[in-house]
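# Architecture at a glance
Chain by chain, the residues:
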Amino acid sequence: MLPKNYQILHKRLLEKFESKNLIQDELRLLAYGTDASFYRLIPKLVVLINSAEEVIHLLNHANQLDIPVTFRAAGTSLSGQSISDSVLAVLVHGFKNSRVDDNGKIIQLEPGVIGSHANR
């Protein structure tokens, strides 16, 4: 059961997000609370983000309820900065675009691009 302020946040997020993008089951919370580091925190809620508008909606409501949000992209971190015991916002699903310019001298990546894909 989510703490009261997280229940309120969840209800508000349903205004903008499909319920399938708000993860609360223990197994998937554990999976998303794991990255390439040895740190383990279990988020209370995982939010799968597909647009900048969804990021804004999440941050506005989390801020009103004084709930911390941690962002995760591809999950390849070795230092644990993409794990949380609060709300974990996962950007990987709608943020996978990349662009190579100037004969390969410049690359622009969105946060969901995995490092090995960028290297290719």
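Our subject is the structure listed above.
Below or above, wherever it landed, is the structure these notes cover. (Residues numbered from 1 in each chain as written. Predicted model: local features only at pLDDT ≥ 70, side-chain atom pairs only at ≥ 80, totals over all residues. Heavy atoms only, no water.)

Counting secondary structure elements, the protein contains four helices and six strands. The secondary structure elements of the protein, listed N-terminal to C-terminal, are α-β-α-β-α-β-β-β-β-α. Along the three orthogonal principal directions, the C-alpha set of the protein runs to about 55 × 30 × 25 Å. Here the protein holds 120 residues, and 40% of them are scored as buried. Across the protein, every contact between residues at least 6 apart in sequence was considered, and the portion connecting residues at least 24 apart equals 57%. (Helix = DSSP H or I, 4+ residues; strand = E, 2+ residues; numbered from the N terminus. Buried < 20%, exposed > 50% of the residue type's maximum accessible area, 1.4 Å probe, protein only. Contact = heavy atoms within 4.5 Å.)

To continue, consider the nonpolar core. Of all hydrophobic cores here, the largest spans 19 residues; its most connected members are L13, V47, I49, L58 and V87. Looking at this core, the elements that each hand over two or more residues are α1 (4-13), β2 (45-48), α3 (52-64) and β4 (87-90). With residues up to four places along the chain from it excluded, the contact list for I49 reads F17, E54, V55, L58, A89, V90, L91, H93, G94 and F95. Counting seven residues, the second-largest nonpolar core is a separate cluster that includes I23, Y32, V46 and L48. (Core = buried A, V, L, I, M, F, W, Y, C linked by side-chain atoms within 4.5 Å.)

All right, on to a nonpolar patch on the surface then. Judged by side-chain polarity, V100, I107 and L109 come together as a nonpolar surface patch covering roughly 260 Å² of accessible area. Within the secondary structure, I107 sits in strand β6 (residues 106-109). Residue I107 is classed as partly exposed on the basis of its relative accessible area of 42%. (Patch = residues over 30% accessible without salt bridge, like charges linked within 9 Å, V, L, I, M, F, W, Y side chains within 5 Å. Areas by Shrake-Rupley, 256 points an atom, 1.4 Å probe, with all protein chains shown as cover. Salt bridge = Lys/Arg side-chain N within 4 Å of Asp/Glu carboxyl O.)

All right, on to the pattern of salt bridges then. Per the stated rule, a full pass over the model turns up three salt bridges. The salt bridge involving K20 is made with E18; its shortest N-O contact spans 3.7 Å. Residue K20 shares its accessibility class with E18, and that shared class is exposed. D101 is the partner of R99 in a salt bridge, and the nearest nitrogen-oxygen pair spans 3.0 Å.

For α3, with 13 residues, the first-to-last C-alpha span of 18 Å sits near the 18 Å given by 1.5 Å per residue. Within α3, the full set of buried residues consists of E54, V55, H57, L58, H61 and A62. Considered in projection along α3, the buried side chains sweep an arc of 165 degrees and stay on one side of the axis. Set apart from the buried face of α3 by more than 90 degrees, the exposed residues are I56, N63 and Q64. Against the buried residues of α3 lie α1, β2, β3 (69-72) and β4. Looking one or two residues past α3, D66 carries a phi angle of roughly 55 degrees, positive in sign. (Expected span 1.5 Å × (residues − 1). Arc of directions from axis to C-beta.)

For D66, which is not glycine, the phi torsion reads 55 degrees and is therefore positive. Among the structural elements, D66 can be located in the loop between α3 and β3. The phi dihedral of N103 falls on the positive side, at around 55 degrees, and the residue is not glycine. One can find N103 in the loop between β5 (98-101) and β6. Residue N103 is classed as exposed on the basis of its relative accessible area, which comes to 83%.

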